[in-house]
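Reading the structure
The residues making up each chain are set out below.
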Amino acid sequence: MQMKNKLVKTGLILTSLFIFNACNEDKLIELNTNKNAVTSMDPAFLLTTATLRIGGEYENTRANMLYAATMIQHTASTAGYFSGDKYYYNGQYSGAYMERHYTDVVRLYSNIIEQTKADATKANLNSVATILRAFDLHRMTDLYGDIPYTKAGYGLQDPENWFPAYESQKDVYAAIVKDVKAARDKLSATGGSLGAQDVVYNGDIAKWKKFANALLMRVAMRMQKVDANTGKAIFAEAYASGTFSSNADNGTIKYLNGPQGHNRNGLNDGYWNTYKYSRDCKVSETFVNWMKATNDPRLMIVTGGTGNPDVASTWDVNPASAIGLPNGYTSSTLLNVLSADNKTKFQTAGVGTRMFSMLNLKYMDWEDPYYLISYAETELLSSEAAVRGWITANAETHFNNGVRGAIQAWTAFDASFARPAADIDAYIAGRNFAAAATEDKLRLIGEEFWAATFLNDMESYANWRRLGYPVLTPTKDPNAFDGNVIPRRLIYWENEAGSNPANFSAAVSRMGGDKFSTRVWWDGGK
Amino acid sequence: MMKIPKLSIWQKCLNLSGIKDFSIIIALCSMVGNLNAQTVSGTVTSTTDGSAIIGASVLEKGTTNGTITDLDGKFSIQIKTFPATLEISYIGFTSQSVVVSSAAQALQISLEEGEALSEVVVTALGMSREKKSLSYSIQQIKGEMVQEVRTANVGNALTGKIAGVNVSPPASGAAGSTRVIIRGGSSLGGNDQPLYVVNGVPIETSNYGQAGLWGGNDGGDGLAALNPDDIENISVLKGNTAAALYGARAANGVIIITTKSGVARKGIGVQFNSNLTMDRAIDMTNFQTEYGQGVQGKKFVSQDEALANSSLAWGPKYDGSNTIQFDGKSRPYSYLGESIHDFFRNGSTLNNSLAFSGGNESGNYRLAVSDLRNSDIMPNASFKRQTVALNINSKLKKLTLNVSANYAFQDAKNRPRLSDSPGNANFAVVTKPREIPFSVIQGPGEKLGAAADLTELRFQGNTFSTNPYWAAYQFYRRDISNRLFGNLSAKYDLTDWLYVMGRVGTDFNNRDAASSEAYGTAYKPLGDYNETFINRLENNIEFMIGGQKQFNDISIDYLIGGNQMRNQSKTKGTGGNDLVVPFFHSVNNVKAPGRIFGFSQIGINSIYASANVGYKNWLYLNMTGRQDQFSTLSPENNSLVYPSAGLSAVLSDALKLPSFINFAKVRASWAQVGGGGPDPYALNVQYGLLSAPHGSANAGQITNGSIPNPTLSPYTSSEIEIGADVRFFNNRLGLDVAYYNRTTTNDILNAGISATSGFGSTQVNIGELANRGVELLLNVAAIDTRDFKWDVTLNFANNISEAVNLGKDAKGNPIQFLNYNESRVRQGERIRHIVGEQLGAIVGWKHATDAKGTKIYTEDGMPVRSANANNILGYGRQPISAGLINSFSYKNFTLSFLIDVRHGGSIFSGTNWLAYRWGLHQATLEGRESGLKVSGVTATGAPVNVTVPVTRLVDYWSRYSDITENLVYDASYAKLRELSIGFKLPKSSFKKLPIESLAIQLVGRNLALLWSSTPNMDPESAYSNAGADQGLEFFAMPLSRNVGINLSVGF
C-alpha cells in the first residue's frame, strides 16, 4: 500500500506542476506591461521636443558652423576640421543634418500629424507640426537635393515607409507648398491652444500664419532661377496673405541655459559654451572687409575683438583693430598672403591667429535665440520680389525695413547690441538702394541678406547659391575635394548608400552625381 | 542475489504497478531492514602507481547503500545480505564489481585507469551521464585547465580548448567581459551568447555595457564573479540536442559549470593556491619614424597652428632643429623613440585562494575564499575580487540536500574607455606626435595630464582627443558589485527508480557605479558626475520527477519537470553635466542633476521531459521535449515546443571489431530549439519624457529606438548532428568527429532600415540562417611510459554561417540584405548580412577600376571610389578555428603549451584609417620628398601618369583611406596562447610536514603572435564584444602578455 501511496503522491505532484504552470500564464503576460512608460501622450509634448531639436548641437555645428558658415565666408579657420573653409570632404560633417533630423525631428512631427489629423480640437497643433516639418525638410532639400519627403518619418505607420523613396526636389517643393498652405489655412482661434508647448510663438496662432507665409515666400523665391512663374504665384499669394511686420514676429526658438543639453541653443553650445569650437575660427576677412567698407554698425557686434580666446576681458575691441581671417589657408600658407606687418605680427610668439577678429561671445550664450526665419529676411525677399515685378510694392521701403530690422534684431541677443538710430540711418543711406540699377539692387539685396543671416548660415548659403550675391572668391587649397569651387550642395549622409540603396542610387543618378559640385534643381540642376 | 526471502507482499505491490525487476526487489528489501548487518572493509588503489584513490564510490549493487573511500583509500560498508556485489568506481578509472561472500574478507581493490571508457559527463539540468550513452557532442574540460594558465574571467580560459567554441578576449583587461560563440551562434541579430549554468541553475551573465561607435567602456559581465579555483569542470553543450532541455535560452549552446565539492576524508582538507602574473602591453604599432608634425610638407610656425594640427605628421623630414610645439615651446624636431610602453605600465594580477573541505559517507562540504588583486596595464585602473564559495551535500537516507552558494565582491576602478577618442587614452597614446615627449603631456605639475591652471592639457587641436594622462588619472569610473548566486536543492528517493526533486536558484547582483568626466576636460569644461545603481535578480524555481529503471535488457532514465524563470532589472541613477564648484567631483556638485529610472522584467514558464532508453548497454535512444512560454511576446504566439531525439550506438560493444579498435561509437541526433523576443516592452509604441522639461513646457519623446512589432513570434532552430567517437591502439589514439547542420528560421532581427523613415531599425521575424560545420577532436598519447608521457590534443572546427533568407519587405519583394554596425570611421563601411552570403559581411567602397581592372584616378592622381559602397570586402567572423595542446610529463615535471589558430575572416581597421590620414602609416613615406607617382586611368579611360605634389599627399591618402577596401585585412592568426611548466613535489620530500601535496608552475599567456597580416594592430582587436561589431576595429586597448607563477599546497 505504501507503494501505491507514493505513486498517488507522485501523480499529485505532477498534476500540480502542470497547474502551477497553467495558472501562471496571465501573470506571465502581465510582466510585459511597462509600468514606466505610456502608450499615448499629449502630442503637444512632442512638439516641444521636436522643435528644440531643430537647433541640436551635433548637426548645427557640423552643417551650419563647419560647412555653411565657412563656405559662405562668414567665418574662416586655419584648423583642418573646419571642412567648409577649404572645401574638404568630411563624411560625418557633411551628412550630419540628414543623419539627425529624420530620426530626431521629422519622426516626431510626423507622429504628431498622424495623431492629430482627425482631431478638430488639435487642428492648430496639426498645422504647426506640418509647417515646422516642412520647414526642416526644406532646409534638408536645400542642403542635399532630392530627399524623402512625403513618407519621411512615417516608418511607424506603415512598413512601406521603411525605405522611403527620394523625391525629386521639384516634387518636394510642390509638396512643401501644398502642405504649408493647407496648414496655414487650417490655423484658427478654435483649433486648440498650444501655450508654452510652443517654444517659438508661445501659442500665438496669428504669428504662425505669418510664419507660414514667410516660409512660402522663402520657398517661392528659391524657385526664381528655374521656375519663376510658379514662384511668383506662390510668393504673391503668401505676401498678400500677410507676413512678418516687425522683429516681434521673428521666428526663433527660445532656448534656456539648461539644465540639460536639449534646453540649450545647440549652435551656440558648439560655438562656445561647451565645445568652444570658435576658439579655432574667426570672422572671415570677406565679411569684415565688407562691413568696414560699408561702415556697417554691426562690425563690433559680429566680432568681439581680438586676443586670447579664453580671456575675453583682455580683447582689443577697437574697431580699427578688427581684421578678418582670409578663408582657405593653413597657418603656413597664410604667410604667403599676409602683408609684411601682419606676417611679422602673426609670427610673434603667442599671437598667430589671435590677431584676427573673434566671434562675439555675447551672442553665443545657451539661452540666445536660434533663428528659423526673420523679419529682415521677409522684407529683403519682398524687396527682391518687387524689383522682379512679382509683387506690386515699394522695393526701397522693403529694403530699408529689412536692413534696419536686421541690425535692430541683435538686441535679442544682448542689450548692448543696440545701435543709435542715426548710425543705422546713415548706414542705410550709404547703401543708396534707390539710386541703384536693377542688377545692383539685386546685389545690395543679396549682400544684406547675407549680413542678416549671419548665424543662420544654412539659409545664407542657399540664398547665395540662388542669387549669386555677394560675389565670393573661392578658396584655393590644393586639397579641395571637388575642385576649387564653392560647393553647390553637401554630400549625402553615407549611411543611406547602405541602408536605403535602391532609392539612394536612383536619387544620385537622377541628380547626376553625389558631389559638392552637383547642382540641386533650383540651382539649375536636374 | 537470487535468494530472496519473504517477498510476497512486495511482489504484490510490484505486480500491481506492472514492474518486474529483481534489482528493484532487492532495493525494496533493503528498505525493510535487516538486523544482521556486518561491516565489510577494504582499500582502493590505482594500478598505475599503487597510490590510494580518495573519494572512490563503493556501492552495494542494486541498493542505495554506499560509501566513499577516505584519505588512505580505505572504506567500510555495512552489508546485510551476503553474498553481495560491490561496485567500485571513480572518475577516470574503469569501474569494478566484486562479489563479497562474507565480512571476513579485507578487500584489496585495484582500479585501472581508463578514463575514456567510463567517462561521466555533466549534461543538461546538472544530470551526470555516461558519455557513451549520449547521442550528441559534448566536451568537458577539467578545472585544472582554467586554473593553471588562468585569466580573471573564466570564459576567456576556454580559448582554443574546445572544438567549435570561439572566444574573443576582453577588450579591456582583467575586468572585461568575454564573448563566447558556439558553432557560430544561432541568431542573426539578437544575442548570440550561450547560457551559463552553475550547479544546475542558470546564472545572469549579461553584460553591463559595451563600447560602441561613440566610445564608452566595457562594463564587464557576470562570468567575472567566478573564481577559477572553485571550478571542478566545465561542460560545453554545443548542439541543439544537448541543450534542448534548456529551451529558449540555450539556442546558442550551454556552458555548464560545476563547482568543487568536498570529499570524504579524515579531518579537514585544506587547499591553498596562489597565482601571480605580470602583464605587459603588446605594442603592435609600426608607424613611420622619419617625418614629423606639419602640413603640406612644412613645419608649424606658430603655437596655435601646432596645437590645432598637432596630430598631423605631414611635415618635412626630422632634422633635429628646434621647432615650436603646441605649448609654444620649441623642442628638437626629431623622433624620440618612445612607444606605448612609456605610457602603459606593467600590470599584475595576484589571486590567492583557500579552500577547506571534508566529508563522510553521509555528506560533504567545501568552503572556499579567494582574493584577486589586479593592477591593469592602463595606469590607475584596477580590479579587485573577493569570493566565497560554499557547497554542502548531505544525504540523509533517501533525502539528498545540496546547497551551493557563491558570493562575489567586485571592485573595478577606471575600466578603460574604448573606441571613439574622447576619454580613450589609447587613442592619444598611439597617435601622439613622436617629437612631443610623454613627460611634456604629463603636464607641468603634480596633477597628471593637467596644464598649469589644472584643466586638461591639450596637445591636439581636436578637443575630443583626450590627453591620455588626463583620461587615465582625472576621469573617474568605479563600479562595485555585491553578487550572490546559488541554489538549494532537495531530492527525495521515493523508490530506487523514482525520485522527486525541487530546486530553487537565485542570482542577485547589486551594482553601484560612479563615473565622472573631470572638471576642466577640454570637450566638457564643466565636467560631469553620475551615480548609477543597478539591481538585477533572476530566480529559477524547478521541480523534477525522475529515475532510472532496468527491464532485462532495457534501461530507462527518465525525467519530467517544470521551471519558472523570472528576471528583473532595476536601474536608478542621478547626476548630470556641469559641476558648480570647480574640481569638486560629487553628485552633489552637479548644477541641475537629472535622474534616471529603469525597470524591466521578463519571465519564461516551462515544462519538460526527457527519456534515455538503453538496450544491452550499447544502443541508446535519447528523447527530450520542452515547452516555453515567454512574457515578451503577445499571448497568441508566445509559446514554443522544442523536441529532440538521438541515437547512440556503441559498436565496439555490439560487434566484434578488430582488436586495435578499443571503442567505437556512432551517434545521430535531431533537435529543435529557439528563442523568444529578447527585449521586454518591444510590442508597442511608447512615449516618455526627456530628462528635463523646457521651462514650463513638457518635453515628450517616443522611447522606442526601434519600430515595435506586436506580431513577433519565437524563432526556431533545428539541427541535425552526426558523429563518431573512436579509440584505437589501447586508447592511445582517440578521435571524435561531428558534423552538424543547423537552420534557424523566423529569426527575430533588429533589422536596419532607412533612418529617413524616422527609425534606424525594426524588429522583424524573418531571418533564416544556416550554420553547418565539422568539429574534430584528436587525442594522441604519443608516448606513454611510466615516467615519460607526451599527449597531443588537437581540436579543429570549421563553421560556415550563411544568411539563407531575410524575409520580404512590405511590398512582398525578398529583402536582399540587412545592415548592422558601421565603424567610427563612418565612411559608409558596414557589417551587413546578405542573402546567400556568410554572416557578417564587411561591405564598403572599392577603388574604382575600368573594365580591365586598371585603377581609376582623377586627372590629378586622386584615387576614385567605386560607384557604390555595396562591395563585399570580407567577413567579420572567422570560420576556421583550431587549438593544439602538447603536454609532456616526466616524473614530477610537466610542460604543456597551447597554440591557437584562426583562419578566414577579415577585419576593417580604423587605426590604419587614421594612420594613413595623419601620415603615420609606413606606406605614407612614399613620395614625401618629391611627390607620389600615380598611374592609372581616368573615368573616361584617359591614361593618368602624374606626380601628386607633396602639398597634396594628405588629400591623396585621405581619399585612399576612405576606400574601405584598402583597410580590410585578413584576420587569420596563430598565437602561442598558453605555456605552463610545472613541478609536483613528490610526497616523500615532505613526509614529516603536514602537507599532502605541493605543486608549482610557471605559466605564460599570449606569449607570441606566430603569424598575422594586420599591420599596426592585433588581429583579435575589437573595441566591443557585441556580435554586430565583429570585424570592426578602432584603437582597441592593446592586448597584454602575461607571465606568472602558480603555487598550490594541500594540507
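Right, let's talk about the overall build of chain B for a bit. From N to C terminus, chain B includes 11 helices and 51 strands. On C-alpha atoms alone, chain B measures out to a radius of gyration of 32 Å, which is about the 31 Å that the 2.2 N^0.38 rule sets for 1051 residues. If you line up chain B on its principal axes, its C-alpha atoms span 110 × 75 × 65 Å. Considering only intrachain contacts with a sequence separation of at least 6, the fraction spanning at least 24 residues in chain B is 68%.

Turning next to the interface of chain A and chain B. Between chain A and chain B, the contact holds 105 residues from the first and 109 residues from the second. A combined buried area of about 8,800 Å² lies between chain A and chain B, and 58% of that area is made up of carbon and sulfur atoms. Applying the counting criterion to the chain A and chain B interface returns 2 salt bridges. Between Glu494 of chain A and Arg865 of chain B there is a salt bridge whose closest N-O contact spans 3.2 Å. Applying the counting criterion to the chain A and chain B interface returns 27 residue pairs in polar contact (both at pLDDT 80 or more). Broken down by secondary-structure element, the contributors of at least two residues to the side of chain A that touches chain B are helix H1 (2-23), helix H2 (25-30), helix H3 (43-54), helix H6 (91-116), helix H14 (331-334) and helix H21 (495-499) of chain A. With 11 residues, H1 of chain A is the single largest residue contributor to the side of chain A that touches chain B. Residue composition of the side of chain A that touches chain B, by class: 49 nonpolar, 39 polar and 17 charged.

For the rest of this paragraph, the subject is the environment of Gly320 of chain B. Residue and element names in this part refer to chain B. In this structure, Gly320 sits in the loop between helix H5 (303-308) and strand E18 (322-324). Residues Gly320 and Pro332 lie 12 residues apart in sequence; the distance between their C-alpha atoms is 4.9 Å. Ignoring any residue separated from it by four or fewer positions in sequence, one finds Gly320 in contact with Pro332, Tyr333 and Ser334.

Considering the arrangement of structural elements, one finds Gly297 of chain B in the loop between strand E17 (265-281) and H5. For Gly297 of chain B, a relative accessible area of 26% translates into the label partly exposed.

A few words on a nonpolar patch on the surface. Residues and elements named next belong to chain B. Taken together, Ile268, Phe356, Tyr365, Leu367, Val369, Val388, Ile392, Tyr407, Leu484 and Phe508 make up a surface patch of nonpolar side chains, about 760 Å² in accessible area. Those elements that provide at least two residues to the nonpolar patch are strand E21 (363-375) and strand E22 (382-396). Broken down by element, the residue count for the nonpolar patch peaks at 3 residues, all from E21. For Leu367, the position within the fold is in strand E21.

Let's shift gears to the packing of helix H17 (residues 395-408) of chain A against helix H18 (residues 421-431) of chain A. Residues and elements named next belong to chain A. Viewed as axis vectors pointing N to C, H17 and H18 meet at an angle of 140°, and their least axial separation amounts to 10 Å. With respect to their mutual orientation, H17 and H18 come out oblique. With respect to the hand of their crossing, H17 and H18 are arranged in right-handed fashion. Facing Phe399, Asn400, Val403, Arg404, Ile407 and Gln408 of H17, the residues of H18 in contact are Ile424, Asp425, Tyr427, Ile428 and Arg431. Residue classes in the contact of H17 with H18 are distributed as 6 nonpolar, 2 polar and 3 charged.

Our next topic: the sheet that holds strand E40 (residues 841-844) of chain B. Residues and elements named next belong to chain B. Read from one edge of the open sheet, 4 strands run E38-E39-E40-E41, paired in antiparallel fashion. Of all strands in the sheet, those bounded by a partner on one side alone are strand E38 (817-822) and strand E41 (871-875). On average, each strand axis in the sheet is tilted by 40° relative to the strand beside it, whichever way the strands run. Both E40 and E41 contribute to a ladder of 4 bridges, which runs antiparallel. Across the sheet, the residue bridging to Gly844 is Asn871, located in E41.

Residue and element names in this part refer to chain A. Overall, the coordinates contain 59 aromatic pairs over all chains when judged by the stated rule. Between Tyr81 and Phe82, the aromatic rings sit 4.9 Å apart at their centres with planes inclined by 50°, giving tilted as the arrangement. The same class applies to Tyr81 and to Phe82, which are both buried. Three or more aromatic residues link up through ring pairs in this structure, and these residues are Phe287, Trp290, Tyr363, Tyr371, Trp410, Phe413, Phe417, Trp450 and Phe454. Its guanidinium or amino end placed over the ring of Tyr58, Arg62 lies 3.8 Å from that ring's centre, counting from NZ or CZ.

Time to look at the confidence of the model for chain B. Averaged over every residue, the pLDDT of chain B is 85; the share at 70 or more is 93%. Under the prediction, the complex receives an ipTM of 0.91, its pTM being 0.80.

Basis of the calculations
Residues numbered from 1 in each chain as written. Chains lettered and ligands numbered in written order. Predicted model: local features only at pLDDT ≥ 70, side-chain atom pairs only at ≥ 80, totals over all residues. Heavy atoms only, no water. Helix = DSSP H or I, 4+ residues; strand = E, 2+ residues; numbered from the N terminus. Rg over C-alpha atoms; globule rule 2.2 N^0.38 Å. Contact = heavy atoms within 4.5 Å. Buried area = accessible area lost by both parts, 1.4 Å probe. Salt bridge = Lys/Arg side-chain N within 4 Å of Asp/Glu carboxyl O. Polar contact = N/O pair within 3.5 Å; in protein donor to acceptor, adjacent residues only side chain to side chain. Nonpolar A, V, L, I, M, F, W, Y, C, P; charged D, E, K, R; others polar. Buried < 20%, exposed > 50% of the residue type's maximum accessible area, 1.4 Å probe, protein only. Patch = residues over 30% accessible without salt bridge, like charges linked within 9 Å, V, L, I, M, F, W, Y side chains within 5 Å. Areas by Shrake-Rupley, 256 points an atom, 1.4 Å probe, with all protein chains shown as cover. Axes fitted to C-alpha atoms, helices over the stretch in contact; angles between N-to-C directions. Parallel < 35°, antiparallel > 145°, perpendicular 65-115°, else oblique. Left-handed = near helix turned anticlockwise from the far one by under 90°. Pairing = 2+ DSSP bridges. Phe/Tyr/Trp six-rings, centres within 6.5 Å; stacked < 30°, edge-to-face > 60°. Lys NZ or Arg CZ within 6 Å of the ring centre and 35° of its normal. pLDDT = per-residue confidence, 0-100.

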